[in-house]
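The chain contents come next:
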Protein chains: 2
Amino acid sequence: MKRTPRTDSSRNMPAKQASRGKQVSSQGMSEGRLRVAIEHVQPEVDGGRYPIKRVLGDTIIVEADLFADGHDMIQGVLRSRHERQDEWVETPLQPVGNDRWRASFDVTELGQYRYGLTGWVDHFATWQRDMHKRLRAHQDVTVELLIGKQLIEQAAAPMSEASRRRLKDLQAALSRAEPNSQALLDLLLEDDTEEIMADCVDHGLGSTYDRELLVVVDRPKARFSAWHEMFPRSTTNTEQPHDTFKDCESRLAYISEMGFDVLYLPPIHPIGDTHRKGRNNSPRGDSTSVGSPWAIGSRDGGHTAIHSDLGSLEDFTQLVSAARSKGIEVALDLAFQCSPDHPYVNEHPEWFKMRPDGTIQFAENPPKQYQDIFPLNFETDAFPRLWEELRAVVQYWIDHGIRIFRVDNPHTKPFPFWKWLIGDVKASYPETIFLSEAFTRPNVMYHLAKIGFTQSYTYFAWRNSKAELIDYFTELTRSSVRDYFRPNLWTNTPDILTEHLQHGGRPVFMARLALAATLGASYGIYGPAFELHENRPQKPGSEEYLDSEKYEVRRWDITRPDSLKEFIGLINRIRRENPALHRDESLQFHPIDNDYLLAYSKQSSDGSNIVLIVVNLSPYHIHSGWLKLDLGALGVQADRSFQVQDLLTHAYYVWQGPRNYVQLDPRSVPAQIFAVRHNLRREEDFDYYL
Amino acid sequence: MKRTPRTDSSRNMPAKQASRGKQVSSQGMSEGRLRVAIEHVQPEVDGGRYPIKRVLGDTIIVEADLFADGHDMIQGVLRSRHERQDEWVETPLQPVGNDRWRASFDVTELGQYRYGLTGWVDHFATWQRDMHKRLRAHQDVTVELLIGKQLIEQAAAPMSEASRRRLKDLQAALSRAEPNSQALLDLLLEDDTEEIMADCVDHGLGSTYDRELLVVVDRPKARFSAWHEMFPRSTTNTEQPHDTFKDCESRLAYISEMGFDVLYLPPIHPIGDTHRKGRNNSPRGDSTSVGSPWAIGSRDGGHTAIHSDLGSLEDFTQLVSAARSKGIEVALDLAFQCSPDHPYVNEHPEWFKMRPDGTIQFAENPPKQYQDIFPLNFETDAFPRLWEELRAVVQYWIDHGIRIFRVDNPHTKPFPFWKWLIGDVKASYPETIFLSEAFTRPNVMYHLAKIGFTQSYTYFAWRNSKAELIDYFTELTRSSVRDYFRPNLWTNTPDILTEHLQHGGRPVFMARLALAATLGASYGIYGPAFELHENRPQKPGSEEYLDSEKYEVRRWDITRPDSLKEFIGLINRIRRENPALHRDESLQFHPIDNDYLLAYSKQSSDGSNIVLIVVNLSPYHIHSGWLKLDLGALGVQADRSFQVQDLLTHAYYVWQGPRNYVQLDPRSVPAQIFAVRHNLRREEDFDYYL
């Protein structure tokens, strides 16, 4: 690895070919001799149009095809730098066969890195290779010796000072050596000579890949996180009409015991009165209606104000720091929409769509009408000022200690806005995490991730059969999607009580939790509804909860003996203790001869931690089956027995070979999470055997 | 389809996003409202870095994902223009589901076309769609009617003059209609109104795909051609020491009867004396040695001179025009290398690599040495002058009627040179065809095609087993390779007598010919060696011919009764008569339960011509098997019988269903080429049945 001044990189920039139909101009002079082609760079999203995503400490392995005309040897480097660094770090590419080359770089700072590739013909290495062939064929090499010597005499200035000195010594030694002597030959063929000459490459004749590629480097929580969503106004199991941030503080121990590290709060702002919704989304509330937290804004303020019933700004910052002391980060909701009472409506009517009758356009998805919500009109001529205001909202909460935002319906605001907002925030606060809450068509969900969202909600809640789960998670982890889209698997949300969860009771909640927490390095639950396996829909066929917290204060008895609290706590502990579960790209499904059993494994990047998960997808019946493990992928030798231990029950099995039996009873635990321990020791592994 | 002035296209050009970390600048004004994203454009080579290839008359179907935030309706156009046209042709995109859109354009001129995509939100279409929903839900639409009217009143200026008049009429009619009337509603919902409004889109708020993509349009022969290679000096079966262009002329009837449309001649230039090779590549020839035609250049001239023993320039142009009158085009060899006697060596020593002993570097692939060849040094500082000279060589032969060049070893000259040379020639002579004779690593072969070669030699000669053939031709016709790499399948060349051809006699030549001519829309043979199934290698294990024509004058008795002339003529006639065989992208393999039988089909672009080919890959044994046809792909109804007729033997079969029996005897004909005729007529198809 070596560093070159950033100013040098200009000569590595993409070069245009000589223009067509014209004489070969002096412009084409250097470009005509750029003999190396560079293609098929990986990782690269959509031909290099969007950044890849990684986290701090990752090693980024870059591969590309590099090749030149003819039979000359080539060399290349991977260049990388953090956008704030002045120097490129260059790492030599290593050939991996069939014109494929590979190198890697580590990302050690948050923010954006750039990487690129340059390749060139290495004349001296070619000379050395050919000389060996000539010698083996006993050819006269008199002239070839002169050529080799000439290459060194005419070498370009080396890149490093050390090479400069070594080259000088080498040139002196060459001039002392007898012409056509064994000594001269030996000197020319030395590895040292090759090394010095490799540093004397004129990169001006190097071809540079036509795009600089980008990596967004996030903190590890961007990839590995466990989210708990709760309505702060429904915290206590008391009769008080509206709970507070103070109440939330006393709930932190419970959340921490379950092992969550993100506490996501729905909007905490003043709620509009006009057209306020009543219980169960009834169009008109009464005087006791608390309203939907997503109908943001009243005469008390908008997106930077706090609902007075929740407490003060101080109470909020106190909650944030109390949570932090328990290892929990508070995430806020960015729901860029307004109640009719939001201060923006009077202050900035130009940010809304005015109807010809002088009223402001409310939210609609015809024929559905949401009179309690005014969408912002991003097509307004005044959008630059609107963008700045929304940026200021984010800044306000950043200034009050928030670095995680769950973004409500980002797919209903223009893509360029998010690209700008997220880019601008992360330029100053690269640790910020934006979770995209878009449940829409795949292209739109993926595009939001490409343009900047750190994590994304997924279709997981609606993927319930074995085939559905395998298809979806293969797409997420084996296609190029994995380079930019970080799934966050939610079992449920205040909007989503899937039909699957409505039937099957406690076992189905346990199975879905185990799936979310092990298929996804990031996952979330909406509680306490989830822990208490709340499963009553507003009406049959609906995914809305009955008596939804979105429209009323709810009371939850989190001490109920059938709560899943302990199970969740155990699963989250297993997640923390097993690095295999901290990332998704190693996910591999293993065949098992029962359509209700799903088996998959994950492993840590160094392969030292391997976890095998089997889930019974049926909440009703005991299912058993024969697994057919891909032992090679698990790093297990086929001819030796190995140990698997269920981290949930501590049951311990010794297996051998790929075929192994499993049985799961949904009424006890519908999942097994095995730690796979490599080959068991045998007699010959002990010292006293010999 | 409509035309917009080219100057308008500037506003559709890719726009930069608002810069990060800055205030929303006026620069971001329009871009912030570009709501449509465009992704995954097909066809597109390497993210749009290289052109696709098509031929005159083709319809280019372009697909892309287009989507916007929210639920608004979008529209888009495919723009295309020949590079010499001033106007873009716009074709509306049609949705094909899941955010995918499609449109097509026809290429009616040779040369380069550009294409791109633009998409925008269609507010009026959205209004109409929503109005229908509101009406179905019996909502009050008073205000919505005003909004619809307003959209029309404020419509942007239409693109066309006709729409301008219609919009004016519409606006007048609207102002006459009673407010909140059925008449107003009807007017707003009319299809006509939608059509006018669709033409009033302000493309300034349209997003344009970030690359303009390129199509190189060639003449049909670029895709469909049958090549015959022969050494002009070895034409007659007489005792004269060296045959001439005049002799070639009398050979034209024979080539024409076999049905070839390209006659490729190895280099026709003066041959060097220095280090001239003798028979069977012996290092020193004697006084009778004619030398290798690829050792180009003597005191008589170089790449623009003609070997005096072949005749004069007039004889050559006479041959070219005699061939043309028989439907045969003469292709010349561009072998950019020199014998030591080439005039360039004295005139331009700076184009060669000088060794320290003052000699010129001869060709080498250490330890092999080719003293009769001096390679040109493309790394010379004087390369611009060298490029111009080589361009002048091509121009010289273009001026003498040549439009097809087979390029010798292009992979030993720099890629930028070929990109420039081919681009420059085709800018003025877009009908020119360059065949790349590179037998090297796949990346290099594909790259040469990407940067401009019209056709390419392939690995076909070494793909002989069923699995090899299926793998290779699936790669060539089903991956993105098919958009830029046009295979030309050679059964043999003067350098390549494969071991496969050395054994198995006449049947193996027949099978390989049938494969080449039907797997590839373009193919070639080196004759008369091929017709006469010459199969003696120089030594065991070698692919060189014994007594190779490369180093001596050979005599061939083309009247031999065992010649394949008739068979080749028949195959070429079948090729000409069946449009299915004029292109490769419809190639589909069909399962057959015998590893020696290969079955595949091709069809014409309109599906009216379908050909099914079965080849017995074993030259030794009769093989039979059960075909399992993909009837859907062949357009055959599963429940009706259909007719297949072997175009080689005229044998006629009626088949029904996918499973059908075939049997092939290599000693008679090792291939069957069936014309598949759609469902047979049955009683109910006749008028008198009813």
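This is a predicted model, so every value here is computed, not measured.

Once that is clear, we can look at the overall build of chain A. Broken down by element type, chain A carries 17 helices and 31 strands. Referenced to the eigenvectors of the C-alpha coordinate spread, the extents of chain A come out at roughly 105 × 75 × 45 Å. Split into buried and exposed, the 690 residues of chain A put 60% on the buried side. Taking all contacts inside chain A whose residues are at least 6 apart in sequence as the whole, residues at least 24 apart take part in 75%. With an accessible surface of roughly 27,300 Å², chain A has 49% of that area assigned to carbon and sulfur atoms.

What follows covers the relation of the copies chain B and chain A. For the pair chain B and chain A, the relating rotation is 180 degrees, the translation along its axis is 0.1 Å, and the fit reaches an RMSD of 0.1 Å. On the angle and the small slide along the axis, the relation comes out as a two-fold axis. Every residue of chain B has its C-alpha some distance from the rotation axis, and the shortest such distance is that of G47 of chain B, at 2.3 Å. Of all interface residues in chain B, 100% are interface residues in chain A too; the two copies therefore contact each other through one and the same surface.

Another point: the packing of aromatic side chains. In the structure shown here, the tally under the stated rule is 78 aromatic pairs over all chains. Plain terms: the ring middles of F405 of chain A and F434 of chain A are 5.7 Å apart, the flat faces sit at 25 degrees to each other, and that makes the pair stacked. Taken as a pair, F405 of chain A in strand β19 (residues 404-408) and F434 of chain A in strand β20 (residues 433-437) lie far apart in primary sequence, 29 residues in all. Taking the relative accessible area as the measure of exposure, F405 of chain A reaches 0% and is therefore buried. A relative accessible area of 0% means that F434 of chain A is categorised as buried. Judged by centre distance (5.4 Å) and plane angle (75 degrees), the rings of Y472 of chain B and F473 of chain B are edge-to-face. The exposure classification of Y472 of chain B matches that of F473 of chain B, with both residues buried.

So, about the sheet that holds strand β12 (residues 225-229) of chain B. Residue and element names in this part refer to chain B. Taken in spatial order, the eight strands line up as β12-β13-β14-β19-β20-β21-β22-β23 and close into a barrel, and their pairing is parallel. Strand-to-strand twist in this sheet, taken as the mean axis angle between neighbours without regard to direction, amounts to 25 degrees. Summarising the sheet, strand β20 (residues 433-437) and strand β21 (residues 455-457) pair through two bridges and their orientation is parallel. Looking at the pairing, L435 lines up with Q455 of β21. Sheet strands in contact with helix α16 (residues 565-577) are β12 and β23 (522-526), and its direction is about 165 degrees off that of β23.

On to the packing of helix α4 (residues 161-176) of chain B against helix α5 (residues 182-189) of chain B, then. When two helices pack together, their arrangement is captured by the angle between the axes and the distance separating the axes. All names here are of chain B. Their axes nearest at 9 Å, the elements α4 and α5 cross at an angle of 160 degrees. It follows that α4 is roughly antiparallel to α5 by the angle criterion. Considering the relative orientation of α4 and α5, their crossing is left-handed. Residues L170, A173 and L174 of α4 touch α5, and the partners they reach there are L184, L187 and L188.

With 82 residues of chain B at the contact, the number on the chain A side is 83 residues. Buried surface at the junction of chain B and chain A, summed over both partners, amounts to about 7,100 Å²; 50% is from carbon and sulfur atoms. Run the count over chain B and chain A and you get 18 salt bridges. Between R211 of chain B and D210 of chain A there is a salt bridge; the shortest N-O distance is 3.8 Å. Taken together, the connections running from chain B to chain A amount to 34 residue pairs in polar contact (both at pLDDT 80 or more).

What follows concerns the pattern of salt bridges. Enumeration over the complete set of coordinates arrives at 103 salt bridges over all chains. Between R276 of chain B and D273 of chain B there is a salt bridge, with its nearest N and O atoms 3.4 Å apart. According to the relative accessible area criterion, D273 of chain B is partly exposed, its value standing at 39%. The structure contains a network of salt bridges with shared partners spanning R134 and E144 of chain A together with R355, D357 and E364 of chain B.

This brings us to the pairing of β19 of chain A. Look at any regular strand and the pattern is simple: side chains alternate between the two faces of the sheet. Residue and element names in this part refer to chain A. Here β19 lies mainly inside the structure; five of its five residues are buried. Both faces of β19 are covered, namely the face carrying I404, R406 and D408 and the face carrying F405 and V407. One ladder, built from four bridges, connects strand β14 (residues 329-334) with β19; its direction is parallel. From the neighbouring strand, L332 faces β19, where its bridge partner is F405. In this structure, β19 lies alongside β20, joined through five bridges in parallel fashion. What sits directly across from D408, in β20, is E437.

What follows covers unusual backbone geometry. Across the junction of P366 of chain B and P367 of chain B, the peptide omega takes the value 5 degrees, indicating a cis bond. If you trace the backbone, P367 of chain B turns up in the loop between β16 (363-365) and β17 (368-370). At the junction of G527 of chain B and P528 of chain B, the peptide bond is cis and its omega measures out at -10 degrees in the coordinates. With respect to the secondary-structure elements, P528 of chain B resides in the loop between β23 and α16. Although it is not a glycine, H138 of chain A sits at a positive phi angle of roughly 55 degrees. With respect to the helices, strands and loops of the structure, H138 of chain A is situated in the loop between α2 (123-136) and α3 (142-153). One non-glycine residue, N180 of chain B, lies in positive phi territory at about 55 degrees. Here N180 of chain B lies in the loop between α4 and α5. For N180 of chain B, a relative accessible area of 47% gives the class partly exposed.

Parameters and conventions
Residues numbered from 1 in each chain as written. Chains lettered and ligands numbered in written order. Predicted model: local features only at pLDDT ≥ 70, side-chain atom pairs only at ≥ 80, totals over all residues. Heavy atoms only, no water. Helix = DSSP H or I, 4+ residues; strand = E, 2+ residues; numbered from the N terminus. Buried < 20%, exposed > 50% of the residue type's maximum accessible area, 1.4 Å probe, protein only. Contact = heavy atoms within 4.5 Å. Areas by Shrake-Rupley, 256 points an atom, 1.4 Å probe, with all protein chains shown as cover. Least-squares fit on C-alpha atoms with pLDDT ≥ 70 in both. Phe/Tyr/Trp six-rings, centres within 6.5 Å; stacked < 30°, edge-to-face > 60°. Pairing = 2+ DSSP bridges. Axes fitted to C-alpha atoms, helices over the stretch in contact; angles between N-to-C directions. Parallel < 35°, antiparallel > 145°, perpendicular 65-115°, else oblique. Left-handed = near helix turned anticlockwise from the far one by under 90°. Buried area = accessible area lost by both parts, 1.4 Å probe. Salt bridge = Lys/Arg side-chain N within 4 Å of Asp/Glu carboxyl O. Polar contact = N/O pair within 3.5 Å; in protein donor to acceptor, adjacent residues only side chain to side chain.

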